[in-house]
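Spelled out, the chains give:
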Amino acid sequence: MSPSTVEPEIIPMKSRVIHKFYEPLVLLSALNSATRETAVPVNVMASIDADDDKEVFQAFVYKLGHVCDRVKGDYGATITSFYVLQDQNNEDQVHYWFASNQRTHEELEYTKAHVEGLLNKVKNASGDTSRQRSVFKALLSDVLIFNRPRVGYYISKMMEHATKCISMCLDIPDEKEPMIGEILEVLVDLIDFDTSANTSDQVFAERCHQIIIMLERLPLSPSGRAIAERAAEGRMPGVPSEECWSDLQHMINRTVAYAQSVRFMLKAKSNWPKLFKHFDVSYYESSARMPRPFRNKSQTAEGIVGRMTRKTETMTTFRAFVLHLQMFDLDKLIQTEYRRESFRPIVHSEVLLLDQLDKKGLLEKRFFFNGWMYIGSSKPTCKLCDHFFEKYPAKIGRRPTHGNMYLSWRFPDVLKSQGDEGVQKRHDMLERVLQKVREEAFDIVKMKSPSSYRRDDSFTNSAALPPDRAGDVDDLASLLGQVDLD
């Protein structure tokens, strides 16, 4: 699908096939937009069994991706996925491979150095429990500094949402509100610092570490539990929106997730020391962006529907519904989707890894660490990635989907060395994924409601291990004064 002028060894996808795939995607996206007001949020909470070795390992793998996803926004450019292979000639040697959605070669090299640094620090960490806290802090500092652009965003948004919540506490005559407001004011005082380049990395990391300590202790207090309850109510259908609470809770959870990622690294060292004994870290280059697919006859729902099915009854029902939705400017929504500057599809990182494993003939248990065939990404899989994994002939584990669909998604490249067999395999996968997309569009027509609800593309609660709270109270004493979090 990449232009042959850029990658001469690639067999490009034919134009008619490209439009055959993207027309239903654009229509589905427009249908969701036109019917969104009836949407109901879907529960996307995640949890794992901390006593299940396989689940802990999978969490460790996607947490590696998490600590590499350093930029918020930018259309998910730094979303990163990993898998871990076992050397076939040396049982003590493992190989970490990763890919990112859209990183330059230099950015991938920088990320590789970051991962190697973290793994080496874990490798050299003493098993002495008295030193675990200092090791944890050193690792967390490295993670926070590398992810400073994203962490800074979380802190600024946390300040914004906490300030709104404080105002709400002042407006509500409830005996709990002053207590909640007091805790939030302490939090605001703690997070109110310069996160720009004017603050050194060392100071930034130290302050963020103190913030994380408070945030992890917050759920132990009545006020913290009350905040969580308000956040849950704000996301429930039929409840008047108090979005500042759920937004605040989301920023809190995303910030403490860095500490959780570090804990999973140390947990992995405890469970499987050889993951850190002898290792290599490698990456695949990100895919080239595909030119925006566009043609005039794809700009109307009527035209797209006519090419989606040959079943007369289905087409008649679909066209009637589409005609009804023209009052919501459905055709205009379609044209808006097609004209988005961001609509330049890429291969998502987890699909890129799956494709490379297949190209190298490595989709067998014996090639993976402990036989665990798994690709872990910094974010839950999008809807199209999930369809791709589900329909792929070889079955390999991935994170559950958050249910959102992104138009700027494409199939992996087929190389000339793969020949007609590679082209046929891509065609088969396109038909399988396209069938899921068409079924979804038809379901919207049948149910007259959107198939998914646009939500955050990361689980509010990701896999967690209990923190070691030794020393936390002392660390916070000078910051919190006499406020009792317990």
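Per chain, the residues get numbers from 1 upward, laid out in the order the sequence is written. Totals for whole chains, interfaces and linings use all residues, but because this is a predicted model, local features are given only for residues with pLDDT of at least 70 and pairs of side-chain atoms are given and counted only at 80 or more. The basis for every side-chain value is the complete set of heavy atoms in the structure, and neither hydrogens nor water enter the calculation.

(A) Quick look at the packing of helix α7 (residues 201–217) against helix α9 (residues 243–271). Fitted lines through C-alpha atoms give the axes, limited to the stretch in contact for helices. The angle between two N-to-C directions lies from 0 to 180 degrees. Only DSSP runs of H or I reaching four residues or more are called helices, and only runs of E reaching two or more are called strands; each is numbered from the N terminus. Look at α7 against α9: their axes get within 9 Å of each other, and the N-to-C directions meet at 100°. Taken together, the axis directions place α7 and α9 in an arrangement best described as roughly perpendicular. Across the interface between the two elements, I212, L215 and E216 of α7 pack against I252, T255, V256, A259, Q260 and R263 of α9. All residues other than Ala, Val, Leu, Ile, Met, Phe, Trp, Tyr, Cys, Pro, Asp, Glu, Lys and Arg, Gly among them, are scored as polar; the first ten of these are nonpolar and the last four charged. Of the residues that constitute the contact of α7 with α9, the class distribution is five nonpolar, two polar and two charged. Roughly parallel means an angle under 35 degrees; roughly antiparallel means over 145; roughly perpendicular covers 65 to 115; every other angle is labelled oblique. Contact definition: two residues touch when any of their heavy atoms are within 4.5 Å.

(B) Summary view of the pattern of salt bridges. Here a salt bridge means any side-chain nitrogen of Lys or Arg lying within 4 Å of a carboxyl oxygen belonging to Asp or Glu. Tallied over the entire structure, the rule returns 18 salt bridges. Here R150 ties to D69 by a salt bridge, and the two come within 3.1 Å at their closest N and O atoms. Here R150 is found in helix α5 (residues 148–171), whereas its partner D69 is found in the loop between α2 (53–66) and β2 (80–86), with 81 residues between them in sequence. Note on accessibility: R150 and D69 belong to one class, buried. Residues E216 and R263 are paired through a salt bridge, measuring 2.8 Å at the closest nitrogen-oxygen approach. With E216 in helix α7 and R263 in helix α9, the pair connects residues that are 47 residues apart, well separated along the chain. Accessibility assignment for this pair places E216 and R263 in one class, buried. Burial status follows relative accessibility: with a 1.4 Å probe on protein chains alone, a residue under 20% of its type maximum counts as buried, one over 50% as exposed, and anything between as partly exposed.

(C) Quick look at the sheet that holds β2. Strand pairing is assigned whenever DSSP identifies at least 2 bridges connecting the two strands. Pairing in this open sheet of four strands is mixed, and the strands run β4-β3-β2-β5 from one edge to the other. The open sheet has two edge strands with one neighbour each: β4 (278–283) and β5 (376–377). The strands touched by α2 are β2, β3 (93–100) and β5; relative to β2, the strand with the most contacts, the crossing angle is about 130°. Along the sheet, helix α14 (residues 349–359) makes contact with β2, β3 and β5, crossing β2 at roughly 30°.

(D) Summary view of unusual backbone geometry. Unusually for a residue other than glycine, N370 sits at a positive phi of about 60°. Within the element layout of this structure, N370 appears in the loop between α14 and β5.

(E) Region of interest: the state of the cysteines. When two cysteine sulfur atoms are found within 2.5 Å, that pair is recorded as a disulfide. With the rule as written, the count across this model stands at zero disulfides. Of all cysteine sulfurs in the structure, the one in C165 sits closest to C244, which takes part in no disulfide; the separation is 3.2 Å.

(F) Looking closely at the side chain of Q249. Its place among the elements puts Q249 in helix α9. Not counting chain neighbours up to four residues away, the residues in contact with Q249 comprise I227, A228 and A231.

(G) Representation of the nonpolar core in the model. Joining through side-chain atoms within 4.5 Å is the link that ties buried Ala, Val, Leu, Ile, Met, Phe, Trp, Tyr and Cys residues into a set, and such a set is a nonpolar core. The biggest cluster of nonpolar side chains holds 77 residues, and the ones touching the most others in it are F57, F60, Y96, L184 and L275. The biggest single contributor to this core is α9, with 13 residues. Setting aside its immediate chain neighbours within four residues, L275 contacts F57, F60, V84, V94, Y96, A268 and F369. By size, the runner-up hydrophobic cluster in this structure holds 63 residues, among which are F321, Y338, L363 and M373.

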